[in-house]
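What the coordinates show
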Amino acid sequence: MPYKHGAYGEIVKSKAIAAAQADTVLLYVGVAPINLIAGYKDSGLVNKPIRLRNFNEVQKIVGYSDNWDKFSLCEAFVEHFNNTVQNAGPIYIVNVLDPEVHRGTQVSLSNQDFSSGYVYIDTDEAILDTVRVAGKVLDSDYSVSYDMSAGQVVIKDLNGTLGTTETVTYYPVDLSQITDATIIGSANADGTVTGIQCIKMMYSDFNAVTNLLAAPGYSEHPAVYQAMVSAVQKINGHWDGYVVADIPIEDVKSKEATVTSYVASVTDSDLILDSVEVYSADGSKKGVKTTDYTLDFTAGVLTVTLVSGGALYNEAKVIVKYKAKVDTKAKAIAWSAANGYTSERSDVCWPHVIDGNGKTYHLSTVFAAMMLATDLSHESIPMESPSNKIIMATGQFFGSASKNPGYDQVESNDLNEKGICTACFWDGSWRTWGPHTAAYQYGITMDPRGIFDVNMRMLMFVTNGFQRRHGIEIDTPMTIALKDSIINKEQEELDRLAGLGAIIGTPSVKFLESANSVNDMMQGDFVFDIDFTNTPPFKSGTARVCYTDDGFKAYFG
């Protein structure tokens, strides 16, 4: 047995068959528009967990933009706090955007007219703290603010000294610098922590055990998904968490192509032509369409012709980067298997959904929000699947380049049986659809704990609860009374869960001689075996109806 000091919980193999967490703690990692917040540098908004409880707090603390492709966390803000079906919070976020690091070259706007007393600049990329009017004094001659409803920087003339030809400058954020590595982050020798690794700060900063982790817009990248699954295992050496991730609807690809007579080709029938970018073989030069190359896409073959005199004209090889459609069930299932999206500690979702305003949402955001809302309806106990819950959606979305009209429940079940969560229309509403973990494959023998997401999440609920209840007793004398007290407390917790319908049967807590050797006990290491069966979801119900001629006897009294 390895050296241990503290209260621990382990999820072991199911036996033939297969608490008290304070609440459900959902952490999102991504990009928030903190560049729109004055004084962001002094507010601890970069690579640090932040708790948000409503939309007003969002706008005040971390900012908001309707450009979700740029600022990935804004999607979650709407899903949780501006939802026409149901709001659910609080949520926690880690923003990785650092305007001090991820910034572009200075923008200069001449001849700005302050005759009305105001100038409005339509941008959400300006770093508000860098906005300046040349030759004037901030907060004396003019003020700077941001209108998040209009998406505008607002510069106000404070005393009528600004003219009609003023020059306004600012630095924008450069979001192209946000990469998978930025999201994954690191825990460094100097103590700094970034990205997903900030999950370990949640316990010390908020006394909160993170049991749900999402990163919409990035979890569809295999490296990020694997980092998320790794991060939720034994957080702070103790806690267990669950991941909600996406399969992409458009997969980013990069292929090297040999140039022959100034022509290169790539074969991929799913290629999206508008997304194509061409680089030199070493990646040092990015070509400009028309100036450096022309494109033709016919019968699934992309032809790249290098333009004479262009920056890539003498290249022997080029790198072609593009997006490819993942817009059918078969493609999604194949992509998931090929990229290892199969952890029993995760829900994997596909495709996106769209709302009545034309905004599209990653299904991971929708499922994560529904998990939080459903848990809260059961005293924060994860006893009910987030599947088959009404959501803020008007349809499925497979990408603007796709012609897929969508799937009904029968076709959605084809995804479910491969461990993929989706959305479908039923009983007048769009709903989440899929109760399984990503490890589930219908007809395949597996540890039954991985069949349903509620199985895994209830196991985590119990291990986390055990550690929180008994961690403060560590290093006190392990008397017989303490052993009995731990058994009694855990049995009471199991009985409570059974009374609420979260578990069924006869749950038990045992202190077994076979699991506690004399040597282990001499070292102060003690093991308690907790066995329980969580209540399974009502995944299907079949009414068996048959015709009988018995009723004809009624004619004869």
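A few points on the structure. Note that the structure is predicted; figures quoted are calculated from it, not measured.

So, about the pairing of strand 13 (residues 263–267). Judged by which residues are buried, strand 13 turns out to be one-sided: Ala264 and Val266 face inward and are buried, whereas Val263, Ser265 and Thr267, on the alternate face, are not. In terms of strand pairing, strand 13 meets strand 16 (residues 301–306) through five bridges, oriented antiparallel. Within strand 16, the position partnered with Ala264 by the bridge is Val304.

Before going further, it helps to examine the packing of helix 9 (residues 453–470) against helix 10 (residues 480–499). It is at 11 Å that the axes of helix 9 and helix 10 come closest, and there the two elements cross at 145°. Classified by chirality, the crossing of helix 10 by helix 9 is right-handed. For the pair helix 9 and helix 10, contact is made by Met458, Phe461, Val462, Phe466, Arg469 and His470 and by Ile486, Lys489, Glu490, Glu493, Arg496 and Leu497, respectively. Broken down by class, the residue content of the contact of helix 9 with helix 10 amounts to six nonpolar, one polar and five charged.

A word on the sheet that holds strand 14 (residues 271–280). Read from one edge to the other, the open sheet built from three strands follows the order 12-17-14, with strand pairing classed as antiparallel. This sheet does not close on itself; its edge strands, each paired only once, are strand 12 (250–258) and strand 14. Taken pair by pair, the neighbouring strands of this sheet meet at an average axis angle of 25°, ignoring direction. For strand 14 and strand 17 (residues 317–325), the ladder comprises six bridges, and the chain directions are antiparallel. Residue pairing in the sheet places Glu277 in a bridge with Lys321 of strand 17.

Before going further, it helps to spend a moment on the packing of aromatic side chains. Describing an aromatic ring pair means giving the distance of the ring centres and the angle of the ring planes. For the structure shown, the criterion picks out 16 aromatic pairs. Summarising the aromatic geometry, the rings of Trp68 and Tyr361 are spaced 5.0 Å apart at their centres and angled 65° between planes, so their arrangement reads as edge-to-face. Of this pair, Trp68 sits in the loop between helix 1 (55–61) and helix 2 (73–81) while Tyr361 sits in strand 20 (residues 360–362), placing them 293 residues apart in sequence. Members of the aromatic cluster, joined through ring pairs, are Phe466, Phe511, Phe526 and Phe528. One residue, Lys321, lies across the ring of Tyr279, its end atom 4.5 Å from the ring centre.

What counts and what doesn't
- Residues numbered from 1 in each chain as written.
- Predicted model: local features only at pLDDT ≥ 70, side-chain atom pairs only at ≥ 80, totals over all residues.
- Heavy atoms only, no water.
- Buried < 20%, exposed > 50% of the residue type's maximum accessible area, 1.4 Å probe, protein only.
- Helix = DSSP H or I, 4+ residues; strand = E, 2+ residues; numbered from the N terminus.
- Pairing = 2+ DSSP bridges.
- Axes fitted to C-alpha atoms, helices over the stretch in contact; angles between N-to-C directions.
- Left-handed = near helix turned anticlockwise from the far one by under 90°.
- Contact = heavy atoms within 4.5 Å.
- Nonpolar A, V, L, I, M, F, W, Y, C, P; charged D, E, K, R; others polar.
- Phe/Tyr/Trp six-rings, centres within 6.5 Å; stacked < 30°, edge-to-face > 60°.
- Lys NZ or Arg CZ within 6 Å of the ring centre and 35° of its normal.

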